[in-house]
Structures are given as structure tokens and as C-alpha cells.
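# Structure assessment
One-letter residues, chain by chain:
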Amino acid sequence: MERSMKTLIVVAALVAATGEAKAQSDDFGVWCDANVEKKIDNRWSAGAGVEFRMRDDASEADRWSFGVDISYKITDWLKASAGYTLLDDHRYKVNTSGRKYADYWGERHRVNLSLTGSYSIGDLSMSLRERWQYTYRPEKTVNRYWNYTDEDDDRYYGAFADEHTYGKKAKNVWRQRLQLKYKLTKMWRPYASVETSVAKGLEKIRYAAGTEIRLTKQHSLEVGYLYQDIRNNDDDEADSHIISVGYTYKF
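Residues numbered from 1 in each chain as written. Predicted model: local features only at pLDDT ≥ 70, side-chain atom pairs only at ≥ 80, totals over all residues. Heavy atoms only, no water.

## A word on a nonpolar patch on the surface
So the rule is basically this: Patches draw on residues past 30% relative accessible area with no salt bridge. Two like charges within 9 Å are joined, as are two nonpolar side chains (Val, Leu, Ile, Met, Phe, Trp, Tyr) within 5 Å. Calculation of accessible area relied on Shrake-Rupley with a 1.4 Å probe; when residues are assessed, cover is drawn exclusively from the protein chains displayed. Salt bridges are defined by distance alone: a side-chain nitrogen of Lys or Arg within 4 Å of a carboxyl oxygen of Asp or Glu. Each helix is a run of H or I in the DSSP string that is no shorter than four residues. Each strand is a run of E no shorter than two, and both are numbered from the N terminus.
Taken together, the side chains of Val50, Phe66, Val68, Tyr84, Leu86, Val111, Leu113, Trp132, Trp174, Val198 and Leu202 make up a nonpolar region of the molecular surface, amounting to roughly 860 Å² of accessible area. Within the residue set of the nonpolar patch, elements represented by two or more residues are β3 (60-73), β4 (78-94) and β5 (100-121). Structurally, tryptophan 132 is set in strand β6 (residues 124-137).

Next comes the structure, spelled out in C-alpha cells:
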């Protein structure tokens, strides 16, 4: 129990420290997800999950998503998996002149293929995941509005401007994640990871730390902190401090 309390205190301190660590130019967000996993046999398993994300200091909805996946255990240390995710993103676009903006929700379709290798030394486990990810954004026609801030000018303030079509877009990304996890007790499993995303170059790095909390064989929670370091991407993301909370049911 004492070790469990120490782990909880460390995670709580990590979460509390994010408010002080957040620079003015960085965003703060919250990611929440719920998942179900089914072990089909000794090699095959399947899963599904939903996720909700918030941005702009956790004041605005950023994304809803729903995904399914299937995995196959090739050997005791190597697993292959494939998945599909439907994403519904809240997007804000300003035209090149800065005079018109669009605020809308848009869908994306994402598929991925992964290979994960793992190795354990006592209670410490290490894993390396290599993932190819393909995302397709369909063409989207939305209303755009004047972006003037003079409230006394009724002609422009918040007035409908025109319709604009954002073209379809496809993108390939290679993601690589190295993770360490320690079996502190039957219940507590702290972890730390670093993940890179590469397209035409390095786009982002994600640093994460947290703990898995195994309540029972079927029910588990996960609480963590993630820092997203944006290097070069075109998805309108910002450097962000993120609190993540997840729930998983296995049957």
C-alpha cells in the first residue's frame, strides 16, 4: 500500500506541475478515452475505442474519434497490428489575407499498420513500436466569415462572407515509440515513453509519463502527462502540455 501511495503522489505531482511548467506560447489540453479489448485466442485479439480531446487551455473541443483494431502475436516478443480510426476534428482556418475565417468540423479517415517488439528484465518491460499511418481528409465546403473586430461596423462583424472549399488531402506518417513500463505492484504500472512522427521530415516528438492502474483483471485506468513538441507540421497543432485519462475493459 505504501508503494502504491508513493506512485499516486508522484503522478499527482506531475499533473499539478503542468500548470506551472506551461509556457505562454504553449497550449494545454485534456485527452480522454475509453476502450474495450477482446482476446480471441492465444495469438489474436481485437479492440475498439472512443476518444475526446480538448485544446485552448482545455476550453474548446478539439476532436472526437472512434477506432477499431486487430492484433496478432507472431512470437512471444513480437506483435503485429492493424487499425482504422474515424476522426472528427474541430478546425479554425484563416485565409492568407487574414480577413476571412472558417470555424467548422471535418472528418478524416486513418489506417495504420504496426510492429511492436518487447523485452522484459524482471519487472521492467521495454517495447519499441514501429507504425505506418495513412490519413485521408475528404474535400470540405464550409461557410467563411469576415474576420473584422470592429463591432460598430455591422457590414463586416461576424457577417457571412462566402463559401469556400478546402481540397482533399492524403498524408503518410512514420511513427516510432519507445516505452519503458515497471510493474511496481499488481495494481500499479508506471511508464515513460518518447514517440517521434516523421513525414517529409521530423514533425513532432511526444514525451509521456504516467501509470496504468489495474483495478481488476478486466478493468484498468491510465493517468498520464504528455508534452507535444511540434517541429514542423501542417495540421495547425501547437506545442502542448496534455493530461490524459483512459479506461480499458478487457473480456
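Next comes the rest of the account.
## Things to note about the pairing of strand β2 (residues 44-55)
The condition is simple: Here, any two strands with at least 2 DSSP bridges between them count as paired.
Looking at chain direction, strand β1 (residues 27-39) and β2 are connected through 10 bridges and run antiparallel. Directly across from aspartate 33, in β2, lies its bridge partner glutamate 51. Linking β1 to β2, which pair antiparallel, is a turn of four residues. Where β2 lies against β3, 12 bridges are found, and the strand directions are antiparallel. Bridging across to β3, glycine 47 finds its partner in aspartate 69.

## Thoughts on unusual backbone geometry
We apply this condition: Per-residue accessibility, obtained with a 1.4 Å probe over protein chains only, is compared with the maximum for each type, and a residue is labelled buried under 20%, exposed over 50%, and partly exposed between these values.
Within the chain, aspartate 56 stands out as a residue other than glycine whose phi angle is a positive 50°. Relative to the helices and strands, aspartate 56 resides in the loop between β2 and β3. Using a relative accessible area of 35% as the deciding quantity, one classes aspartate 56 as partly exposed. A positive phi angle is found at aspartate 57, which is not glycine, with a value near 55°. With respect to the helices and strands, the residue aspartate 57 is situated in the loop between β2 and β3. Taking relative accessible area as the criterion, aspartate 57 reaches 47% and is therefore assigned partly exposed.

## With respect to the pattern of salt bridges
Within this structure, the stated rule accounts for 14 salt bridges. Here aspartate 89 and arginine 108 are joined by a salt bridge, their closest N and O atoms 2.5 Å apart. You can see aspartate 89 sitting in strand β4 and its partner arginine 108 sitting in strand β5, a full 19 residues away along the chain. When sorted by exposure, aspartate 89 lands in the same class as arginine 108, which is buried. Its salt-bridge partner being glutamate 212, residue lysine 181 comes within 2.9 Å of it at the nearest N-O pair.

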